[in-house]
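Structural overview
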Amino acid sequence: TAAGAALTEREYATILGTQRTFYEVARAGELATVAEARLAAAQQAHGAAERRMQVGSATTSDVLRAELEVTRARQALLAARNQERAAALALGRAIGADGAVGVELTAAEQTVRPLAVADAEVVRRVAESAPALAQACFALCCCGIRLLRAHRHHIYQIMNMIAAFEQQRYQRTADSNVTGAQPV
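A brief report on the enclosed structure follows. Everything quoted here is computed from the prediction, not taken from an experiment.

Observations regarding the nonpolar core
- Core analysis: the biggest nonpolar cluster contains eight residues, these being A32, A35, L39, A42, V70, A73, L77 and A80.
- Elements represented by at least two residues in this core include exactly α1 (2-55) and α2 (60-95).
- Counting six residues, the second-largest nonpolar core is a separate cluster that includes V25, L91, V101 and V103.

And the structure:
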């Protein structure tokens, strides 16, 4: 039924949303790690620029550019940590936990493996079991029935109009034959 298909679709959507949120936490954590590495590199570059300036092989501009990069790296790290925290809170909310939930992926979980079935088989399985597809088919059938009912009503109206027109035309012809006038 449509209600069963809608319920199944909501269950699948909830599962999919939770999985996406899980991987969003993992992604945000990796981005925070990258931002930390960027900050460390920027701080090293800044230190090197200051040492070069002390020995006279760098300008003030070089040091200022290095400071700017450190500032930008700190901002990127803060943004990545905020994103990670927001994703962790969203995951906690999705699974009913009280607060943020952290994620750590093993190397095996990070490895992308091909599916054990062919693409055509995946498409066939989805077409057979997708609740959204079942619901869409049901809705299409309902629309088709409503459309047929609406067209049937319009067809009856058109047939009645044609019958009335033909009756008037027949009446005019009959009246003109009685009076001897030519039909129109």
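Digging into the environment of V63
- Assignment of secondary structure puts V63 in helix α2.
- Relative accessible area serves as the criterion here: at 8%, V63 is assigned to the buried category.
- On a C-alpha basis, the gap between V63 and A48 in space is 8.8 Å, while along the polypeptide they are 15 residues apart.

Section: the pattern of salt bridges
- In this structure the tally under the stated criterion is four salt bridges.
- Between R27 and E24 there is a salt bridge, with its nearest N and O atoms 2.9 Å apart. Here E24 and R27 lie together in helix α1, a separation of three residues that amounts to about one turn.
- For E24, a relative accessible area of 27% gives the class partly exposed.
- The shortest N-O distance in the salt bridge between R81 and E36 comes to 3.2 Å. In this pair, R81 sits in helix α2 while E36 sits in helix α1, placing the two residues 45 residues apart along the sequence.
- The exposure class of R81 is partly exposed, given its relative accessible area of 41%.

Some remarks on α1
- Its 54 residues place the ends of α1 78 Å apart at the C-alpha level, agreeing with the 80 Å of an ideal helix rising 1.5 Å per residue.
- Following α1 by one or two positions, G56 adopts a phi angle in the positive range, close to 90°.

What counts, and at which threshold
- Residues numbered from 1 in each chain as written.
- Predicted model: local features only at pLDDT ≥ 70, side-chain atom pairs only at ≥ 80, totals over all residues.
- Heavy atoms only, no water.
- Core = buried A, V, L, I, M, F, W, Y, C linked by side-chain atoms within 4.5 Å.
- Buried < 20%, exposed > 50% of the residue type's maximum accessible area, 1.4 Å probe, protein only.
- Helix = DSSP H or I, 4+ residues; strand = E, 2+ residues; numbered from the N terminus.
- Salt bridge = Lys/Arg side-chain N within 4 Å of Asp/Glu carboxyl O.
- Expected span 1.5 Å × (residues − 1).

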